[in-house]
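A structural walkthrough
The chain contents come next:
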Amino acid sequence: MKLLLLGATGRTGKQVLDDALSSGYHVHCLARKPERIEKREELTVFEGDPSNADDLKKAIHSCDSIISVLNISRTSDFPWSSLRTPREYLSTVMSQLMLVAEANSIKRIVICSAWGVAETKKYLPGWFRWFIDHSNIGVAYSDHERQEKLLEGSKMDWTIVRPVGLTNSKRKQHIRETYGNQPKPSLTINRLSVARYLVGCLKADDLIGQKVIISKA
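Rules used throughout
- Residues numbered from 1 in each chain as written.
- Predicted model: local features only at pLDDT ≥ 70, side-chain atom pairs only at ≥ 80, totals over all residues.
- Heavy atoms only, no water.
- Helix = DSSP H or I, 4+ residues; strand = E, 2+ residues; numbered from the N terminus.
- Polar contact = N/O pair within 3.5 Å; in protein donor to acceptor, adjacent residues only side chain to side chain.
- Contact = heavy atoms within 4.5 Å.
- Salt bridge = Lys/Arg side-chain N within 4 Å of Asp/Glu carboxyl O.
- Buried < 20%, exposed > 50% of the residue type's maximum accessible area, 1.4 Å probe, protein only.
- 1 Å grid on protein atoms, 1.4 Å probe; cavity = no way out; pocket = protein on both sides within 12 Å on 5 of 7 lines; lining within 4 Å.
- Points joined across faces, edges and corners; volume = space filled by probe spheres on them.
- Nonpolar A, V, L, I, M, F, W, Y, C, P; charged D, E, K, R; others polar.
- Patch = residues over 30% accessible without salt bridge, like charges linked within 9 Å, V, L, I, M, F, W, Y side chains within 5 Å.
- Areas by Shrake-Rupley, 256 points an atom, 1.4 Å probe, with all protein chains shown as cover.

Structurally, S81 is set in the loop between strand 4 (65–68) and helix 3 (89–103). Among the polar contacts made by the side chain of S81, one reaches the main-chain carbonyl oxygen of S76 at a distance of 2.9 Å. Among residues more than four places away in sequence, those in contact with S81 are R74, T75, S76 and N136.

This is the structure we're talking about:
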């Protein structure tokens, strides 16, 4: 099986790449800075921008499925830091990606969104809702919502994964799945667990058409 992975140079994307390769996938990565991805067997890296249809066409060739862990990038983790990507980068990429995927007869796609997007915002702690409303953190949440709506209106076999707050812990964690707000999610999950879940979704037909929150059990 061949997988197109978008966002492989990010903190979560690196974990997804490791898990996909160890799970037996041949992975195609499309990255603006391919030198940031270590060369390995069963990995093919393409230089390009995921918002560019021609670059997507090169990278998606012969793939069977897609995982996107793209996000709106800021210059630092400081909530008011400047944006490095356009405000509608995710939805722009998704618009192009759906067309390219359809042209290549690819239907299965899993994306990493976030807890607090769309209808789940009301379940967030009040202090975090404030940051979404008053800082550049909210830019990513708004565009995640736009890309989710694009997928929901498509004919793709999509799964939208909404992890809670991400940590860099390397400890193995059990994962709690939440739909709506039941069962109530915990506040954190490590990137390693998110990566494992995203890759596992590709073979979980019961998750097609689902929006699932994941947290540490």
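In total, this model carries 10 salt bridges according to the counting rule given. The closest approach of N and O atoms between R11 and D77, which form a salt bridge, is 3.3 Å. With R11 in helix 1 (residues 11–22) and D77 in the loop between strand 4 and helix 3, the pair connects residues that are 66 residues apart, well separated along the chain. A salt bridge links K149 to E145, with the shortest nitrogen-to-oxygen separation between them at 3.6 Å. A residue pair is termed a helical-turn pair when its members lie 3 or 4 positions apart in one helix, as K149 and E145 do in helix 5 (residues 137–152) at four residues. Its relative accessible area of 54% is what places K149 among the exposed residues. One connected set of salt bridges, linked through shared partners, spans E119, E148 and R162.

What follows covers the layout of surface pockets. Roughly 1,600 Å³ of internal volume is contained in the largest pocket. In terms of lining residues, the largest pocket is bounded by 43 residues, among which R11, N71, I72, S73 and R191 are the most central. Residue composition of the lining of the largest pocket, grouped by class: 22 nonpolar, 12 polar and nine charged. Space inside the second largest pocket adds up to approximately 180 Å³.

Taken together, F78, W80 and W130 make up a surface patch of nonpolar side chains, about 350 Å² in accessible area. Note that W80 resides in the loop between strand 4 and helix 3.

Once that is clear, we can look at the side chain of H28. Topologically, H28 is positioned in strand 2 (residues 26–31). Within the local environment of H28, its side chain forms a polar contact with the backbone oxygen of A59, the two atoms lying 2.8 Å apart. Once residues lying within four places of it in the same chain are set aside, the contact partners of H28 are K2, L3, L4, L5, T44, F46, A59, H61, S62 and C63.

Bringing the environment of G48 into the picture now. The residue G48 is located in the loop between strand 3 (43–47) and helix 2 (53–60) in this model. As a C-alpha pair, G48 and R32 span 16 residues in sequence and 4.8 Å in three-dimensional space. Not counting the four nearest positions on each side in its chain, G48 is found in contact with L30, A31, R32 and D55.

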